[in-house]
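# Coordinate analysis (summary)
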Amino acid sequence: MILLSPSSGLFQCTNKLFLSDEATGLQIKEFARKNAANALSLANMVMGISSILSSLNGHHHAACWLVLIGYLLDLADGAVARQLDACSALGAKLDDFADFTTFGIATSLLLRTSDLLDNILCVCYVMSVFIRLCFFTSGIPFMYRGLPCIYSAAILASASLLSGENLPMLRVIAVFMILFMISQTFYPHDRVLESQAWKKAVYAGGVVMLFCSSFPPACVYYLLWSVSYILFPTSLWSSKV
């Protein structure tokens, strides 16, 4: 019979505890890897919900900037998922739900007034985002069909901030954005964080602009960025460029 000394038993218990902690650490790292992009999508959705609440409570400036924060988060989540090899069906659904919340519902409320026609325009805008997300897959690698809703949302939020809620101008912009989103025009995948250094610098500049949100011209940056995607989609923003 082999008798184990107290010190031997203590060593085995310590070793098991160490191995258990190591396994737990690996599980946490794996969970973080698989869900980092999902966390960004959820953060985007939180921005959208916060923007909706801000609009309903009359905090228009905050509502616009929350949409622009969602814009940055949406550009990042896909890049993070691909970088960490964590693309999944759940992630794609979360991304669509977040996009619909932030760039559909929240953005449409920037146009909301007590006027019936404005409310109809809000509904049309939301439905165009819904149609764009559900039915407008191009079937062509690296291409979208119809303007991605994040750009129409960024243009509306930026224009609203710059114009001081100039509703006649916003109505015209919203109509054009609806037409762009439901059009058959092809737009390139905008993998800003997976492309040239200057595109990453543009993204970093957008992050810096968040700290200048009290300075109205800061949103000109987002307006120029989004308009350039419409005007020069392939020559500037294609992921192959």
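Quick look at the structure, then. (Residues numbered from 1 in each chain as written. Predicted model: local features only at pLDDT ≥ 70, side-chain atom pairs only at ≥ 80, totals over all residues. Heavy atoms only, no water.)

### What about the overall build of the chain?
Condition: Secondary structure is summarised from DSSP: a helix means a run of H or I of at least four residues, a strand means a run of E of at least two, and numbering begins at the N terminus for each. The contact criterion used throughout is that any non-hydrogen atoms of two residues lie within 4.5 Å. Only the protein chains shown count as cover for residues, and all accessible areas are computed by the Shrake-Rupley method using a 1.4 Å probe.
Each helix and strand in the chain was counted, giving nine helices and two strands. Listing every helix and strand of the chain by position from the N terminus yields α-α-α-α-β-α-α-β-α-α-α. Put simply, 75% of the contacts in the chain that link residues at least 6 apart link residues at least 24 apart. Of the roughly 12,800 Å² that the chain leaves accessible, carbon and sulfur atoms contribute 71%.

### Notes on the environment of Ala43
Rules: Burial classification: accessible surface area is computed with a 1.4 Å probe over protein chains only, and a residue below 20% of its type maximum counts as buried, one above 50% as exposed, and the rest as partly exposed.
Relative to the helices and strands, Ala43 resides in helix H1 (residues 6-56). Residue Ala43 is classed as partly exposed on the basis of its relative accessible area of 25%. Between the alpha carbons of Ala43 and Ala98 there is a distance of 8.4 Å; along the sequence they are 55 residues apart.

### Observations regarding the nonpolar core
For clarity, the cut-off: Residues belong to a common nonpolar core when they are buried Ala, Val, Leu, Ile, Met, Phe, Trp, Tyr or Cys residues joined through side-chain atoms within 4.5 Å.
Leu68, Tyr71, Leu75, Tyr125, Leu147, Tyr222 and Trp225 are the most contacted members of the largest nonpolar core, which has 49 residues in total. For this core, the element with the highest residue contribution is helix H5 (residues 149-163), accounting for ten residues. The contact partners of Tyr125, leaving out residues within four places of it in the chain, are Phe103, Gly104, Thr107, Ser108, Ser152, Ala153, Leu156, Ala174, Met177, Ile178 and Met181.

### Some words on helix H3 (residues 89-108)
The condition is simple: The span expected for a helix works out to 1.5 Å for each residue beyond the first. Two axes enter the bend calculation: one fitted to the seven residues ending at the residue in question, the other to the seven starting there, and the bend is the angle between them.
Given a rise of 1.5 Å per residue, 20 residues ought to cover 28 Å, and the 27 Å separating the end C-alpha atoms of H3 matches this to within 8%. Of all the bends found along H3, the most pronounced is centred on Phe100 and spans about 25°.

### Thoughts on the pattern of salt bridges
To be explicit about the condition: Any carboxyl oxygen of Asp or Glu within 4 Å of a side-chain nitrogen of Lys or Arg constitutes a salt bridge here.
For the coordinates displayed, the defined rule picks out two salt bridges. In this structure, Arg82 engages Glu194 in a salt bridge whose closest nitrogen and oxygen atoms are separated by 2.7 Å. Here Arg82, found in helix H2 (residues 60-83), pairs with Glu194, found in the loop between strand S2 (186-188) and helix H7 (197-210); they are 112 residues apart in sequence, far enough to count as distant. Classification of Glu194 as partly exposed rests on a relative accessible area of 32%.

### Observations concerning unusual backbone geometry
The backbone of Glu165 sits at a positive phi, close to 60°, despite the residue not being glycine. For Glu165, the position within the fold is in the loop between H5 and helix H6 (167-181). Glu165 gets classed as partly exposed once you look at its relative accessible area, which sits at 44%.

### A short note on the side chain of Asp99
Our working definition: By the counting rule applied here, Lys and Arg register as positive and Asp and Glu as negative, while His and the ends of each chain are not counted.
Its place among the elements puts Asp99 in helix H3. One buried charged side chain, Asp99, makes no salt bridge at all; its nearest oppositely charged neighbour is Arg132, positioned 8.0 Å away. In this view, Asp99 contacts Asn44, Asp74, Gly104, Leu133 and Cys149; residues no more than four positions away in its chain are not counted.

### Examining the packing of H3 against helix H4 (residues 116-135)
The condition is simple: To define axes, lines are fitted to C-alpha atoms, for helices over the stretch in contact only, and angles between the resulting N-to-C directions are given on a 0 to 180 degree scale. Should an angle fall under 35 degrees it is taken as roughly parallel, and over 145 as roughly antiparallel, whereas 65 to 115 is taken as roughly perpendicular and any remaining angle as oblique. In a left-handed crossing the near helix is turned counterclockwise from the far helix by less than a right angle, and in a right-handed crossing that turn is clockwise. Side-chain classes follow a simple rule in which Ala, Val, Leu, Ile, Met, Phe, Trp, Tyr, Cys and Pro form the nonpolar group, Asp, Glu, Lys and Arg form the charged group, and the remainder, Gly included, forms the polar group.
Their axes nearest at 8 Å, the elements H3 and H4 cross at an angle of 160°. As far as their axial angle goes, H4 and H3 are roughly antiparallel. Crossing geometry of H3 relative to H4 is assigned as right-handed. Two secondary-structure elements touch here, H3 through Asp96, Asp99, Phe100, Phe103, Gly104, Ile105, Thr107 and Ser108 and H4 through Cys122, Tyr125, Val126, Val129, Phe130 and Leu133. The class makeup of the residues in the contact of H3 with H4 is nine nonpolar, three polar and two charged.

### Some details on H6
Applicable threshold: The directions considered for the arc are those from the helix axis to the C-beta atoms.
Relative to the 21 Å expected for 15 residues at 1.5 Å per residue, H6 spans 21 Å between its end C-alpha atoms, a close match to the ideal helical length. Of the positions making up H6, those classed as buried are Leu170, Ile173, Ala174, Met177, Ile178 and Met181. Looking down the long axis of H6, one finds its buried residues gathered within 140° of arc, a one-sided arrangement.

### A short note on the packing of H4 against H6
Helix-helix packing is characterised by the crossing angle of the two axes and by the distance between the axes. Relative to each other, H4 and H6 sit at 25°, their axes nearing to 9 Å. Comparing their axes, H6 and H4 come out roughly parallel. Both H4 and H6 take part in a crossing whose hand is left-handed. Counted together, Asp118, Leu121, Cys124, Tyr125, Ser128, Val129 and Arg132 of H4 and Arg171, Ala174, Val175, Met177, Ile178 and Met181 of H6 form the full contact between these two elements.

These figures capture arrangement, not role.
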